[in-house]
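Observations on the model geometry
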Amino acid sequence: APRQPAPAAAAAGRLGPLTDLVVERLFVGDEVAAAKFGTGKPIDDPAREEQELAEVRERAGALGIDPERTARFFRDQIEASKVVQRGLFARWTAHPGEAPTTRPDLAVIREELDALTTRLLDQLVATEPARDASIACRVSAAEAAVSAVVLDRLDALHRNALRTALHSLC
Ligand SMILES: O=C(O)C(=O)C[C@]1(C(=O)O)C=C[C@@H](O)C=C1
């Protein structure tokens, strides 16, 4: 069964709180997979993605952070969710006994994703000065990622997804 989305444990460093939200969103990907698996509903929903990206571009502008950079960050989060979903679909197809037995409501899950978007935007604002092209940013990102992997006990699939999610952070 997919892990229930829970607040991630506190990852280390100045990018820790942002990374915790990123991990929380990855685990919502488990819920999305459970909502779609066996229904014929495709993992990719380009219209929903465009709506999410348009929304964050607009809100980024209002928050005083770069709209295109913010959209790129969310594109990475969406791609990471798809890494999780594809991996779980493959796992559940190969091992039907591991497939979820209850199907969550995608509409409810999307409300959770929308709530996470607001919190992620707040953290993008808070970390904006730290997210430059510096070595210090990369060290902070690595510190946060490594601690999240350990504290949240991320398996190989979620570790890969986390790498995708943090790809353009610095
Ligand atoms: O809402 C969905 O259907 C999801 O699969 C979640 C999500 C996302 O991460 O926001 C990921 C892939 C889809 O293409 C659209 C959105």
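Residues numbered from 1 in each chain as written. Predicted model: local features only at pLDDT ≥ 70, side-chain atom pairs only at ≥ 80, totals over all residues.

Short version of the rule: UniProt positions are given in the numbering used here, feature names are shortened, and annotations may be inferred rather than shown by experiment.
The protein chain is annotated in an unreviewed UniProt entry as Chorismate mutase from Amycolatopsis jiangsuensis. Listed in UniProt under the heading Function (unreviewed entry), the comment for the protein chain reads: "Catalyzes the Claisen rearrangement of chorismate to prephenate." Of the comments in the UniProt record for the protein chain, the one headed Pathway (unreviewed entry) reads "Metabolic intermediate biosynthesis; prephenate biosynthesis; prephenate from chorismate: step 1/1."

Comments concerning the overall build of the protein chain
Condition: The helix count covers DSSP runs of H or I at least four residues long, the strand count covers runs of E at least two residues long, and both are numbered beginning at the N terminus. With C-alpha atoms as the basis for the radius of gyration, the globule rule is written as 2.2 Å multiplied by the number of residues raised to the power 0.38. Here a residue counts as buried when 20 or more other C-beta atoms fall within 10 Å of its C-beta, as exposed when 12 or fewer do, and as partly exposed in between; the C-beta atoms come from the backbone. Once C-beta atoms have been placed from the backbone, residue pairs whose C-beta atoms lie within 7 Å are recorded as contacts.
A tally of helices and strands in the protein chain yields 6 helices and 0 strands. Listing each helix as α and each strand as β along the protein chain from the N terminus yields α-α-α-α-α-α. Taking 2.2 N^0.38 as the reference for a compact globule, 170 residues should give roughly 15 Å; the C-alpha atoms of the protein chain span a radius of gyration of 16 Å, in line with that estimate. By its C-alpha atoms, the protein chain is 45 × 35 × 20 Å across when sized along the principal axes. When burial is assessed residue by residue, the protein chain has 31% of its 170 residues classed as buried. The long-range share in the protein chain, meaning contacts at least 24 apart out of those at least 6 apart in sequence, stands at 79%.

Points about the nonpolar core
Worth spelling out the cut-off: Each nonpolar core consists of buried Ala, Val, Leu, Ile, Met, Phe, Trp, Tyr and Cys residues. Their C-beta atoms, within 7 Å, join them into a set.
Among the nonpolar cores identified, the biggest contains 34 residues, and Val22, Val23, Leu26, Ala148, Leu162, Ala165 and Leu166 are the most heavily contacted of them. Mapped by element, the contributors of at least two residues to this core are α1 (16-36), α2 (46-63), α3 (67-94), α4 (106-127), α5 (135-151) and α6 (156-165). With 11 residues, α1 is the largest single contributor of residues to this core. Leave out the neighbours within four places in its chain, and Leu162 touches Val22, Val23, Leu26, Ala145, Ala148 and Leu154.

As for the site of the ligand
Heads up, the rule is: Any residue whose backbone-placed C-beta atom lies within 6 Å of a molecule or strand is treated as near that molecule or strand. Residue polarity follows a fixed list, in which Ala, Val, Leu, Ile, Met, Phe, Trp, Tyr, Cys and Pro are nonpolar, Asp, Glu, Lys and Arg are charged, and the others, Gly among them, are polar.
Taken together, Val32, Ile43, Asp44, Asp45, Arg48, Glu49, Glu52, Ile78, Ser81, Lys82, Arg110 and Leu113 form the complete shell of residues around the ligand. Elements that contribute at least two residues to the shell around the ligand include exactly α2, α3 and α4. Looking at the shell around the ligand residue by residue, the class counts come to 4 nonpolar, 1 polar and 7 charged.

Quick look at the confidence of the model for the protein chain
Test applied: The pLDDT value tells you how sure the predictor is about a given residue, anywhere from 0 up to 100.
Chain-level pLDDT for the protein chain is 95 on average; 96% of the residues reach the 70-or-more range. Our summary of model confidence lists the complex with pTM equal to 0.95 and ipTM equal to 0.99.

Considering the packing of α3 against α6
Note the following rule: Axis lines are fitted through C-alpha atoms, for helices just across the contact stretch, and the angle between N-to-C directions can take any value from 0 to 180 degrees. The labels follow the angle: roughly parallel below 35 degrees, roughly antiparallel above 145, roughly perpendicular from 65 to 115, and oblique for the rest. In this scheme the crossing of two helices becomes right-handed for a clockwise turn of the near helix relative to the far one and left-handed for an anticlockwise turn of less than a right angle.
Direction vectors running N to C along α3 and α6 enclose 165 degrees, while the axes themselves pass 8 Å from each other. Classed by the angle they form, the pair α3 and α6 counts as roughly antiparallel. Considering only the axes of α3 and α6, their crossing is right-handed. Contact residues: Asp76, Gln77, Glu79, Ala80, Val83, Val84 and Gly87 in α3; Leu157, His158, Asn160, Ala161, Thr164 and Ala165 in α6. Classifying every residue of the contact of α3 with α6 by side-chain character gives 6 nonpolar, 5 polar and 2 charged.

Concerning the environment of Lys36
Topologically, Lys36 is positioned in helix α1. With 53 residues separating them in the primary sequence, Lys36 and Phe89 have C-alpha atoms 9.2 Å apart. Setting aside anything within four residues of it in sequence, one finds Lys36 in contact with Lys41 and Ile43.

So, the packing of α1 against α6
Here α1 crosses α6 at 125 degrees, and the two axes come no closer than 10 Å. By the angle between their directions, the pair α1 and α6 is classed as oblique. Handedness of the crossing formed by α1 with α6: right-handed. Contacts between α1 and α6 involve Val22, Val23 and Leu26 on the former and, on the latter, His158, Ala161, Leu162 and Ala165. Across the contact of α1 with α6, the residue classes tally to 6 nonpolar, 1 polar and no charged.

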